[in-house]
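# An overview of the molecular structure
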Amino acid sequence: MKLHKAGVSAKCYNDYAKQVEALFPVIGEKRIDAVTVDDAANVWKHYQGYSASTVKRARMLYVAIFDTAIENDLCRKNPFRSKFAQPPKAPAGTHRVLTEEEKTLIWSTPHKMQLAALIMLYCGLRRGEVLALTSNDIDTKAGFITVNKAIRFEGNQPVLTMPKTVSGVRRVPIPNIITPYFENFTGRILSTKSDGVMTETAFMRCWDSFI
């Protein structure tokens, strides 16, 4: 964990840490080369009722841990790759397409969060990307938003991050339906009263107010 901490975000690291903790009750006292397929199957009992995304992330991590152990000559087989140690089938997420009535409410409800919601809905930007947007990133004449940075949160505080790959920088078309909402816009899409970046708590309060 210490070796790879510098290469991931705090959120990702904390997620890894939780997944690793789930291994301890079953295999925490074993040498890694003594872990069996039955042990791996018992680990998956912890994940009964968890979401599909959580189970998927856990499997990717566990498989990677044992693959790395094999590369380092610490064990010979990966029990989490066995067909007899597969994770439980998890329920799908709760994401859904908004109804036309809900979209109309977003268009017709003036609020500090309104433009951010429209950008996320029609341009597909993530929360962190919207929080990092300023008027300098928006070209209504050309009809594009330039996405080249994002905000992530560490202990509620915002941290500016840059894309890890070239493909993370992109130009996103602005649909005509939301172009009028950019009129007379300057500064940040979302900001504090002093034009600073919102904390996670401030964002959630603003979002709840809009909802």
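Refer to the preceding data block for the structure.
If you're wondering where the values come from, they're calculated on a predicted model, not measured in any experiment.

On a plain count of helices and strands, the chain comes out with 9 helices and 5 strands. Counting helices and strands in the order they occur from the N terminus, the chain gives α-α-α-α-α-α-α-α-β-β-β-β-β-α. Against the globule reference of 17 Å for 211 residues, the chain gives a C-alpha radius of gyration of 22 Å, more extended than a compact globule. Based on the C-alpha atoms only, the size of the chain along its principal axes is roughly 65 × 35 × 30 Å. Relative to its full complement of 211 residues, the chain shows a buried share of 32%. Residue pairs at least 24 apart in sequence account for 58% of intrachain contacts in the chain once pairs closer than 6 positions are excluded. Of the roughly 13,800 Å² of accessible surface on the chain, 54% is carried by carbon and sulfur atoms. Counting 29 positive and 20 negative side-chain charges, the chain places the averaged centre of each group 2 Å from the other.

Before going further, it helps to spend a moment on the sheet that holds strand β2 (residues 144-147). Judged by pairing direction, the sheet is antiparallel, and its 3 strands sit side by side in the order β1-β2-β5 without closing on themselves. If you trace the sheet from one side to the other, it starts and ends with β1 (138-139) and β5 (170-173), each paired once. Note: β2 against β5, 4 bridges, orientation antiparallel. Each bridged residue has a counterpart across the sheet, and for T146 the counterpart in β5 is R171.

Let us look at the packing of helix α2 (residues 10-21) against helix α5 (residues 52-71). Each pair of packed helices can be summarised by the angle the axes make with each other and by the distance between the axes. Taken N-terminus to C-terminus, the directions of α2 and α5 make an angle of 75 degrees; their axes are 10 Å apart at the nearest point. Judged by the angle between their axes, α2 and α5 are roughly perpendicular. Between α2, through D15, Y16, Q19 and V20, and α5, the contact on the second element is made entirely by T54, R57, A58, L61, Y62 and I65. Looking at the contact of α2 with α5 residue by residue, the class counts come to 6 nonpolar, 2 polar and 2 charged.

Note that soluble globular proteins tend to have their nonpolar side chains buried in a common cluster. I119, L125, I145, F182, I189 and L190 are the most contacted members of the largest nonpolar core, which totals 28 residues. Among the secondary structure elements, those contributing two or more residues to this core are α7 (114-123), α8 (127-132), β2, β3 (150-154) and α9 (200-210). Among residues more than four places away in sequence, those in contact with I189 are K112, L115, A116, I119, V130, L133, I138 and F182. Counting 19 residues, the second-largest nonpolar core is a separate cluster that includes L23, I27, Y47 and A58.

On to the layout of surface pockets. Approximately 1,000 Å³ is the volume found for the largest pocket. In this structure, the largest pocket is lined by 29 residues; those nearest its centre are S9, R126, A150, R152 and T161. Of all elements in the fold, only α2, α8 and β3 reach the threshold of two or more residues within the lining of the largest pocket. In terms of residue count, β3 provides more of the lining of the largest pocket than any other element does, 5 residues in total. Partitioning the lining of the largest pocket into residue classes produces 10 nonpolar, 9 polar and 10 charged. Size it by volume and the second largest pocket reaches roughly 730 Å³.

Relative to the 28 Å expected for 20 residues at 1.5 Å per residue, α5 spans 28 Å between its end C-alpha atoms, a close match to the ideal helical length. Those residues of α5 that sit buried are T54, V55, A58, L61, Y62, V63, F66 and A69. Against the buried residues of α5 lie α2, α3 (24-27) and α4 (37-43).

The rules behind each value
Residues numbered from 1 in each chain as written. Predicted model: local features only at pLDDT ≥ 70, side-chain atom pairs only at ≥ 80, totals over all residues. Heavy atoms only, no water. Helix = DSSP H or I, 4+ residues; strand = E, 2+ residues; numbered from the N terminus. Rg over C-alpha atoms; globule rule 2.2 N^0.38 Å. Buried < 20%, exposed > 50% of the residue type's maximum accessible area, 1.4 Å probe, protein only. Contact = heavy atoms within 4.5 Å. Areas by Shrake-Rupley, 256 points an atom, 1.4 Å probe, with all protein chains shown as cover. Lys, Arg positive; Asp, Glu negative; His and termini not counted. Charge placed at Lys NZ, Arg CZ, Asp CG, Glu CD. Pairing = 2+ DSSP bridges. Axes fitted to C-alpha atoms, helices over the stretch in contact; angles between N-to-C directions. Parallel < 35°, antiparallel > 145°, perpendicular 65-115°, else oblique. Nonpolar A, V, L, I, M, F, W, Y, C, P; charged D, E, K, R; others polar. Core = buried A, V, L, I, M, F, W, Y, C linked by side-chain atoms within 4.5 Å. 1 Å grid on protein atoms, 1.4 Å probe; cavity = no way out; pocket = protein on both sides within 12 Å on 5 of 7 lines; lining within 4 Å. Points joined across faces, edges and corners; volume = space filled by probe spheres on them. Expected span 1.5 Å × (residues − 1).

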